[in-house]
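Residue-level structure breakdown
Next come the chains, spelled out residue by residue.
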Amino acid sequence: MIYPGIHSPIIDTILVPQGAEFQAVGRGLRGNPAPPRVLAVPMGCQPITTYLETWLQSQDFLNKPPAGILLLGLAGSLSPQYRSGDITIYHACGDANGNQYLPSQPLTTILQDALAGKAALVQGFTSDRLIISATNKANLAQQYQAAVVDMESTAALAILQRAGIPLAIARTISDDYQQDLPDLTAAISDTGSLQPFPLAIAMLQRPVAAVQLIRGSLRGLKALTNLTSEIFYSKSNKT
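Definitions and cut-offs
Residues numbered from 1 in each chain as written. Predicted model: local features only at pLDDT ≥ 70, side-chain atom pairs only at ≥ 80, totals over all residues. Heavy atoms only, no water. Disulfide = S-S within 2.5 Å. Phe/Tyr/Trp six-rings, centres within 6.5 Å; stacked < 30°, edge-to-face > 60°. Salt bridge = Lys/Arg side-chain N within 4 Å of Asp/Glu carboxyl O. Helix = DSSP H or I, 4+ residues; strand = E, 2+ residues; numbered from the N terminus. Axes fitted to C-alpha atoms, helices over the stretch in contact; angles between N-to-C directions. Parallel < 35°, antiparallel > 145°, perpendicular 65-115°, else oblique. Contact = heavy atoms within 4.5 Å. Nonpolar A, V, L, I, M, F, W, Y, C, P; charged D, E, K, R; others polar. Buried < 20%, exposed > 50% of the residue type's maximum accessible area, 1.4 Å probe, protein only. Arc of directions from axis to C-beta. Polar contact = N/O pair within 3.5 Å; in protein donor to acceptor, adjacent residues only side chain to side chain. Left-handed = near helix turned anticlockwise from the far one by under 90°.

A complete count under the given rule lists zero disulfides for this structure. Between cysteine 45, a cysteine without a disulfide, and cysteine 93, which holds the nearest cysteine sulfur, the sulfur-to-sulfur distance is 8.9 Å.

Below, the discussion takes up the packing of aromatic side chains. Per the stated rule, a full pass over the model turns up two aromatic pairs. Seen from their ring centres, tryptophan 55 and phenylalanine 61 are 5.2 Å apart, and the 75° between their planes marks the pair as edge-to-face.

As a further point, take the pattern of salt bridges. When their charged atoms lie close together, side chains carrying opposite charge are able to pair. Within this structure, the stated rule accounts for seven salt bridges. Across the pair aspartate 176 and arginine 83 runs a salt bridge whose closest N-O atoms are separated by 3.1 Å. Of this pair, aspartate 176 sits in the loop between strand E8 (167-175) and helix H7 (196-205) while arginine 83 sits in the loop between strand E3 (69-77) and strand E4 (87-95), placing them 93 residues apart in sequence. One salt bridge connects aspartate 128 with arginine 129, and the closest N-O pair in it is separated by 2.9 Å. The network of salt bridges with shared partners includes Asp150, Glu152 and Arg171.

Let us now look at unusual backbone geometry. Within the chain, alanine 116 stands out as a residue other than glycine whose phi angle is a positive 50°. The topology assignment puts alanine 116 in the loop between helix H4 (105-115) and strand E6 (120-126). Residue glutamine 145 is not a glycine yet carries a positive backbone phi of 55°. Examined against the element boundaries, glutamine 145 turns out to sit in the loop between helix H5 (134-144) and strand E7 (148-150).

Turning our eyes to something else, we now look at the packing of H7 against helix H8 (residues 207-232). The N-to-C vectors of H7 and H8 enclose an angle of 115°; their axes lie 5 Å apart at closest approach. Of the possible angle classes, the one that applies to H7 and H8 is roughly perpendicular. Each of Met203, Leu204 and Gln205 in H7 lies in contact with H8, whose residues at this interface are Pro207, Ala210, Leu213 and Ile214. In the contact of H7 with H8, the residues fall into six nonpolar, one polar and no charged.

What follows covers H4. Regarding H4, the residues found buried are Leu107, Thr108, Ile110, Leu111, Ala114 and Leu115. Buried residues of H4, seen end-on, are gathered within an arc of 155° and therefore sit on one face of the element. Each element contacted by the buried residues of H4 is listed here: E3, E4, E6, E8 and H8. Regarding H4, its N-cap is serine 104, as a side-chain oxygen of that residue lies 3.2 Å from the backbone nitrogen of leucine 107 further along. Alanine 116 lies just past H4 and shows a positive phi near 50°.

Below, the discussion takes up the packing of helix H2 (residues 45-55) against helix H6 (residues 153-162). Across the interface, H2 lies against H6 with an axial gap of 9 Å and an inter-helix angle of 25°. When the axes of H2 and H6 are compared, the pair comes out roughly parallel. Where H2 crosses over H6, the two elements pack in a sense that is right-handed. Two secondary-structure elements touch here, H2 through Cys45, Ile48, Thr49, Leu52 and Glu53 and H6 through Ala155, Ala156, Ile159 and Leu160. Among the residues making up the contact of H2 with H6, the classes are represented as seven nonpolar, one polar and one charged.

Function cannot be inferred from these measures alone, as they are strictly geometric.
Written out as structure tokens, the structure reads:
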């Protein structure tokens with residue numbers, strides 16, 4: 001856990017999408033003698049909403065309510081400023097319904113201090129679907145003045161702010177702003193998990209885009225591991 005000071009807020013819980021992102025965060029916490037609680041959440045706005053609403057009523061939550069939560073994961077770039085492997089911290093995040101949320105400023109400051117200039121402070125955008133074309137990325141950037149896109153952040157902010165729980169968001173970039181992606185829509189189940197067979201079919205249908213996505217995702221995942229270690233390893237911990 002990060003203990004920035006006696007009277008400062010702490011980050012004692014991590015939310016991260018299940019699968020490769022969850023594994024990357026786990027690698028970043030290896031060797032930490034007092035790691036935070038890590039919860040693997042589903043992909044997508046509705047799945048994470050359902051997950052968090054259930055978790056807030058669970059015995060796990062009631063026995064140990066979090067003092068501060070960090071949402072980690074990958075994101076797509078909407079700007080030429082941010083490339084695969086770059087680290088971003090959200091100062092705000094909006095969606096297509098016109099909702100605009102502000103992550104916890106104290107926790108955001110903790111992240112900035114822990115990362116010491118290695119992360120960019122950005123405006124995020126949460127989409128209820130995958131953004132697979134560079135043209136759509138450019139349109140989102142222009143319409144919403146956002147630098148990165150993901151599929152969970154505003155949903156998590158809405159639920160946790162209503163519950164009075166501070167949340168900060170940090171994401172690493174997996175795909176560049178000019179990069180088209182394979183259409184993985186059919187590979188994401190209604191419960192927010194990746195289905196291997198539809199995923200393989202989608203990747204085979206767009207082999208060049210698939211190779212680019214794999215390369216970018218590997219860079220993003222490596223950066224996510226390093227990001228986690230930077231935040232939570234001994235140099236950042238103060239007891």
